[in-house]
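Residue strings, one per chain:
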Amino acid sequence: SGVTSHYLLLSLLNGFAFTSYNLASTYILSRISVVHHAALNSVRRVFAIIVTSIYFVVPVTFLGSLGILVSFGGFMSFTHYKVQRQRKPKPLSSLLPVSVGNG
């Protein structure tokens, strides 16, 4: 009937979306570190929460807002720390080759 075909279509669409997400995630993991992927994933979750709450007209509670702020704050502090670490000049000793033996 109509309900069954609609459910089947939505199931196929969901399977396609989930497979696409996993393929994209695997590709991104091959290009960046796991830590960066986790940081970006936290932003994706915040984005998903905000978009779905707007789309389905579900109010975000105080605790939900606090969770969004903590997640976003963690991402921002990670980004800030990473930028600060990249700006810091490396010591000269890290650029020189290190010999292990006596000769």
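In short, a report on the structure. On a predicted model such as this, the values are computed, not experimentally measured, just so you know.

### Observations regarding the packing of helix 2 (residues 34-55) against helix 3 (residues 62-87)
And step 1. For the pair helix 2 and helix 3, the least separation of the axes is 10 Å and the interaxial angle reads 150°. When you trace helix 2 past helix 3, the crossing you get is left-handed. Within the contact between the two elements, helix 2 uses Val-35, His-36, Ala-39, Leu-40, Ser-42, Val-43, Val-46, Ile-49 and Ile-50 and helix 3 uses Ile-68, Ser-71, Phe-75, Phe-78 and Lys-82.
And step 2. The class makeup of the residues in the contact of helix 2 with helix 3 is ten nonpolar, three polar and one charged.

### Structural notes on helix 1 (residues 2-31)
And step 1. Taking 1.5 Å per residue as the helical rise, helix 1 with its 30 residues ought to reach 44 Å, and the 44 Å between its terminal C-alpha atoms agrees with that figure.
And step 2. The element helix 1 is barely covered by neighbouring structure, given that only one of its 30 residues are classed as buried.

### Here we look at the packing of helix 1 against helix 2
Relative placement of two packed helices is described by the angle separating their axes and the distance separating the axes.
And step 1. One way to put it is that helix 1 packs onto helix 2 with a least axis distance of 10 Å and a crossing angle of 140°. Relative to helix 2, the element helix 1 lies oblique. Residues Tyr-21, Ser-25, Ile-28 and Leu-29 of helix 1 pack against Val-34, His-37, Asn-41 and Arg-44 of helix 2.
And step 2. Across the contact of helix 1 with helix 2, the residue classes tally to four nonpolar, three polar and one charged.

Rules and cut-offs
- Residues numbered from 1 in each chain as written.
- Predicted model: local features only at pLDDT ≥ 70, side-chain atom pairs only at ≥ 80, totals over all residues.
- Heavy atoms only, no water.
- Axes fitted to C-alpha atoms, helices over the stretch in contact; angles between N-to-C directions.
- Helix = DSSP H or I, 4+ residues; strand = E, 2+ residues; numbered from the N terminus.
- Left-handed = near helix turned anticlockwise from the far one by under 90°.
- Contact = heavy atoms within 4.5 Å.
- Nonpolar A, V, L, I, M, F, W, Y, C, P; charged D, E, K, R; others polar.
- Expected span 1.5 Å × (residues − 1).
- Buried < 20%, exposed > 50% of the residue type's maximum accessible area, 1.4 Å probe, protein only.
- Parallel < 35°, antiparallel > 145°, perpendicular 65-115°, else oblique.

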